Amino acid sequence: MRYFCSFTSGSKGNSAIYVSPGAKILIDAGSSAKYITSCLSKLGLCPGDLTHIVLTHAHSDHISALPVLSKYTDARLVCSEDTYDQLPFAKGEPLLFAEGDSFELNDVAVQTAPTPHDCDGSCCYLFGEDENSLGFCTDMGRVTERIYGLMKKASTLFIESNHDVDMLANGPYPYYLKKRILSFDGHLSNADCAYSVSRLVEDGVRRVMLGHLSETNNRPDIALSESKKALEQIGADAGHIILGAAGVRDMRAPVIL
Ligand SMILES: [Zn+2]
Ligand SMILES: [Zn+2]
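So, here's what we can say about the structure. As the structure is a prediction and not an experimental result, all values here were calculated from the model.

1. Focus on the environment of Asn-218
Right, so step 1: Examined against the element boundaries, Asn-218 turns out to sit in the loop between β12 (207-211) and α9 (220-233).
Right, so step 2: Residues Asn-218 and His-163, spaced 55 residues apart in sequence, show a C-alpha to C-alpha distance of 4.9 Å.
Right, so step 3: The residues touching Asn-218, leaving out its near neighbours within four places in the chain, are Ser-161, Asn-162, His-163, Asp-164, Met-167, Asn-190, Leu-213 and Ala-223.
Right, so step 4: From its side chain, Asn-218 meets the backbone oxygen of Ser-161 in a polar contact 2.9 Å long.
Right, so step 5: There is a polar contact of 3.2 Å between the side chain of Asn-218 and the backbone oxygen of Asn-162.

And the structure:
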C-alpha cells in the first residue's frame, strides 16, 4: 500500500510523509521533532522507521525539526546541492541532486523541478508513478512550465494556495513583505493556484489538496471555493476530485495512493 499524509502545512511548519512498501519518506521537517513524532505514532510509525527525509528548500518552516529529529533516525537526507549548502545542520551521507534531476529512493521513482522562490535550491517533487504518484509543490511565486510539466504526471497533487490577493493587500503585513509574497519568487495566490489546478485536472490529476495557506492572508474556505469555482468553470466532475486544505499542526487523514 502507498499513502500520503500531511502533518502540518503553512508558514509555521511544513511536514508530510509518502509511504510505499519499500520507503517511508518524510517530506520537509518543519515544526518540531516532538510534533512530527506524534504524527508518525498515529500512523504506527516512529522516526527510526523513516528511510529518507526529503527537503523542498532551506527556509526554517521546512527544516526546523531537523537537528532534534536526526537524533532519532538514520533516514538519509535528500535535497538539492544548494539547499544542502544552506542547512545549519546535517547528519550522515546525504543524497544531493540538482533541481530537475530524477532518481530513486528504494522503490519510489522521484522526479524534481526547480521552483521560483526566494531561497536558492528550491524545488518540487513527483513521487512514484501513474496511479501511485504524488505531486508536491509549495513555496513558489508562479507555476512555471517546468513545474506544470511535472505536476501533470501526478495522480494526487499537493499544491500551495498561499494567499488571497485582496486579503494580503488589505492585511497587516508591511509593504516589503507584501511585495515579496506577490513576486515571481514569492508564494502562490489562490487565484493562480486555482487556475493551475483546473488545467491540471483537465490533464488528468485526480485528487488535489491545497497547502501552505497563510494564516493571516487566507482562509481555507476561500482557498477551497476559488479552486472549486475554477473546476466548475471547466465542467470538471467534482465527484472525482477530492479537494482539501491542509493547515498548521492539522494532521490530515492519510490519502491512499
Ligand atoms: Zn514555506
Ligand atoms: Zn519558503
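2. Focus on the coordination of the zinc ion (ligand 2)
Right, so step 1: At this site the zinc ion (ligand 2) is bound by His-57 (NE2), His-59 (ND1), His-117 (NE2) and Asp-139 (OD), with donor distances of 2.1 to 2.4 Å.
Right, so step 2: Seen from the zinc ion (ligand 2), its 4 donor atoms lie at angles of 90 to 172°, and the figure they make is irregular.
Right, so step 3: Counting along the primary sequence, the residues that act as donors to the zinc ion (ligand 2) give the motif H-x1-H-x57-H-x21-D.
Right, so step 4: A separation of 3.4 Å is found between the zinc ion (ligand 2) and the zinc ion (ligand 1), which are bridged by Asp-139. In this pair, His-59 sits in the loop between β4 (52-54) and α2 (60-63) while His-117 sits in the loop between β8 (108-114) and β9 (123-127), placing the two residues 58 residues apart along the sequence.

3. What about the environment of Gln-111?
Right, so step 1: Within the secondary structure, Gln-111 sits in strand β8.
Right, so step 2: Sequence separation of Gln-111 and Lys-153 is 42 residues, and the distance between their C-alpha atoms is 10 Å.
Right, so step 3: When sequence neighbours within four positions are dropped, the list of residues in contact with Gln-111 reads Asp-101, Ser-102, Cys-124, Tyr-125, Leu-126, Leu-150 and Lys-153.
Right, so step 4: Looking at Gln-111, its side chain comes within polar contact range of the side chain of Lys-153, at 2.8 Å.

Rules and cut-offs
- Residues numbered from 1 in each chain as written.
- Chains lettered and ligands numbered in written order.
- Predicted model: local features only at pLDDT ≥ 70, side-chain atom pairs only at ≥ 80, totals over all residues.
- Heavy atoms only, no water.
- Helix = DSSP H or I, 4+ residues; strand = E, 2+ residues; numbered from the N terminus.
- Contact = heavy atoms within 4.5 Å.
- Polar contact = N/O pair within 3.5 Å; in protein donor to acceptor, adjacent residues only side chain to side chain.
- Donors = N, O, S within 2.8 Å, 3.2 Å for Na, K, Ca; no water.
- Tetrahedral: all angles 85-135°; square planar, octahedral: opposite > 155°, others 65-115°.

Without other data, these values stay purely geometric and don't point to any function.
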